[in-house]
Amino acid sequence: MTAGSGRVTQAQVARLAGVSQAVVSMVLNGSDSLRITPETRDRVQQVLRETGYTVDIMGRRLRGGTNQILGVFTYESVFPSGVADFYRPFLLGIEEEAEAQGFDLLLFTSGGRRDGRRRIYEAGTNRLRIADGSILLGRHNDPQELAQLVEEQFPFVFVGRRESPTGPISYVGADYVAATREVHDRLWGLGHRRIGLLSVTEENEPTLDRRAGYEAAVRKYRRPPLVFLEEDPALALRQALDEGVTALLVESSAMADGILARAHELGLGVPGDLSIVVLGDADPSQQPHAHAVPSTGTDWSMFRIPRHEMGAHAVRVLVGLLKDPQPRQLLLPCTIHEGATTAGPSTPDSR
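What you see is a predicted model; the values in this text were computed from it and never measured.

Caption draft 1: Local environment of the packing of aromatic side chains. All told, the structure shown has 4 aromatic pairs when counted by the stated rule. Taking the centre distance of 6.3 Å and the plane angle of 50 degrees together, the rings of Y87 and F90 count as tilted. On the criterion of helical spacing, the pair formed by Y87 and F90 is a turn pair, its members being 3 residues apart in helix α5 (residues 81-101). Pairing Y176 with F303 gives two aromatic rings, centres 6.2 Å apart and planes at 35 degrees, and the pair type is tilted. Of the two residues, Y176 sits in helix α7 (residues 176-189) while F303 sits in strand β12 (residues 301-304), which places them 127 residues apart along the sequence. Over the aromatic face of W188 sits the side chain of R193, whose NZ or CZ is 3.9 Å from the ring centroid. Just above the ring of Y176 sits the side chain of R210; from NZ or CZ to the centre is 4.1 Å.

Caption draft 2: Representation of the sheet that holds strand β5 (residues 133-137). Spatially, 6 strands are ordered β2-β1-β5-β6-β7-β13 in an open sheet, and the strand pairing comes out parallel. Because the sheet does not close on itself, it has two edges, and the strands there are β2 (104-108) and β13 (329-332). The sheet shows a mean angle of 20 degrees between the axes of neighbouring strands, taken without regard to direction. Sheet topology note: the strand β6 (residues 156-159)/strand β7 (residues 171-174) ladder contains 2 bridges and is parallel.

Caption draft 3: Quick peek at the confidence of the model for the protein. Residue-level pLDDT values for the protein average 86, and 84% of them are 70 or greater. Counted against residues more than four places away or in other chains, residues 1-5, with its pLDDT under 50, gives 8 contacts. Note on residues 284-293: pLDDT is under 50 here. Beyond four places in sequence and across chains, it has 25 contacts.

Caption draft 4: Broad picture of the pairing of β6. Residue alternation in β6 divides its side chains into two sets, F156 and F158 and V157 and V159, and both sets are buried. Here β5 runs beside β6; their pairing, made up of 3 bridges, is parallel. Its bridge partner lying in β6, L136 is registered against F158. You can see the chain leave β5, run along helix α6 (residues 143-152) and come back into β6, and the turn it takes is right-handed.

Caption draft 5: Spatial organisation of the packing of α7 against helix α8 (residues 205-220). At a minimum axis separation of 7 Å, α7 and α8 run at an interaxial angle of 40 degrees. Between α7 and α8, the angle is such that the two are oblique. α7 and α8 meet at a crossing whose hand is right-handed. Two secondary-structure elements touch here, α7 through Y176, V177, T180, R181, H184 and D185 and α8 through P206, D209, R210, A212, G213, Y214, A216, A217, V218 and K220. For the contact of α7 with α8, the class distribution of residues is 8 nonpolar, 3 polar and 5 charged.

Caption draft 6: Structural context of the sheet that holds strand β11 (residues 275-278). Here we have 6 strands laid out as an open sheet, ordered β9-β8-β10-β11-β12-β14, and mixed in their pairing. A single partner strand is all that each edge strand has here, and the edge strands are β9 (227-228) and β14 (335-337). Pairing geometry for strand β8 (residues 195-198) and strand β10 (residues 247-250), over 4 bridges, is parallel. Within the sheet, the bridge partner assigned to L197 lies in β10 and is L249. Along the sheet, α7 makes contact with β8, β10, β11, β12 and β14, crossing β10 at roughly 165 degrees.

Caption draft 7: Highlighting the pattern of salt bridges. Under the criterion given, the structure shown has 15 salt bridges. With a closest N to O distance of 2.8 Å, D209 and R161 form a salt bridge. With D209 in helix α8 and R161 in the loop between β6 and β7, the pair connects residues that are 48 residues apart, well separated along the chain. Of the two residues, D209 and R161, both sit in the buried class. Within this structure, R139, E202, R210 and E251 form a network of salt bridges that share partners.

The rules behind these values
- Once a new chain begins, its residue numbering starts again from 1 and follows that chain's sequence as written.
- Note on the predicted model: pLDDT of at least 70 is required for a residue's local features to be given, and 80 or more for side-chain atom pairs to be given and counted; whole-chain, interface and lining totals, by contrast, use all residues.
- The side-chain figures draw on all heavy atoms in the structure; neither hydrogens nor water molecules are used.
- Working definition: rings of Phe, Tyr and Trp (its six-membered ring) pair if their centres are within 6.5 Å, and the pair is stacked with planes under 30 degrees apart, edge-to-face with planes over 60 apart, and tilted otherwise.
- Helix and strand assignments come from DSSP, with helices taken as H or I runs of at least 4 residues and strands as E runs of at least 2, each series counted from the N terminus.
- Two limits define a charge over a ring: the Lys NZ or Arg CZ must be within 6 Å of the ring centre, and within 35 degrees of the ring normal.
- Strands qualify as paired when DSSP identifies two bridges or more between them.
- Only the stretch in contact is used when fitting a helix axis, every axis being a line fitted to C-alpha atoms; angles between N-to-C directions are given from 0 to 180 degrees.
- A score from 0 to 100, pLDDT tells how confident the predictor is in each residue.
- Whether two residues are in contact is decided by their heavy atoms, any of which lying within 4.5 Å being enough.
- Burial classes: relative accessible area under 20% of the type maximum marks a residue as buried, over 50% as exposed, and values in between as partly exposed (1.4 Å probe, protein chains only).
- When the strands point away from the viewer, a crossover counts as right-handed if the route from the first strand across the helix to the second turns clockwise.
- The cut-offs work like this: below 35 degrees is roughly parallel, past 145 is roughly antiparallel, 65 to 115 is roughly perpendicular, and the gaps in between are oblique.
- Handedness of a crossing is defined here by the sense of rotation of the near helix relative to the far one, left-handed for an anticlockwise turn of less than a right angle and right-handed for a clockwise turn.
- Asp, Glu, Lys and Arg are counted as charged, while Ala, Val, Leu, Ile, Met, Phe, Trp, Tyr, Cys and Pro are counted as nonpolar; the rest, among them Gly, fall into the polar class.
- Here, a salt bridge means any Lys or Arg side-chain nitrogen found within 4 Å of an Asp or Glu carboxyl oxygen.

In structure tokens:
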């Protein structure tokens, strides 16, 4: 049986099956209408198989229907080996939950790239609209694009806390504020009284959340904040030691590797002379600064980001948005990894 050359249409399927086009449409949409007998449904499905009919998803979208497709847009590449381990848990969580929810996934990658950066909008057009909604990932996002998506009321969920001046953004993030406070409390419990924060110089939401957690912790113990925004680990370590710091919270593992190397050059032991906690597990999407050293393979004391759970919850939130567009925001707890880089201070500080 054939429907002729070119793309098979619903009208052709209807003619070959001996039914109306409305019946074909109901079969395709899974309608359980009593108007369609089991025999009729079987006949239509047989014709669909034999003709190789495929749904015109763009046409369905333009008619206000849904495609059962969720987009996944990444501002940074997820496939090179340098970042694969960081993004893989997110994608696994997204894929598993999308399958459980009955949605296909469409990955948006290199299209729309300008000036070396990926873009959602190309020539003013939102290319994510082929999907019913989209999950967005990436440390270096474009706030203007997020604001435009909010204004368009396009359903999307960011993996990671994000803000926009145009309105609330739906996101699923890690609770960096609570996790940073918790590791600070643990260092305080070990006897450290001069605990510093080595932060990156850029000011995005993850960095601001870590600083907020640290500042809340030092206020709790009525201590002055000791924040270092220095990219050179040698200079950062010197500044921290001049301030009498005995424990250091470091935002990235690359920065921590640099501090560890410089501490060893000075004859300092970690954790004997200096305790170090990494505020999150390794993030290869953060480009190492010029003074970084190759990864040492150290068993860092740190908190772990719930990447798999964030991906799965992002799908659940997005599916919810398709039914009710009210923004949803969710922060998931991080888990503490004790590691081997923290201990009590070698000399108790009574200050």
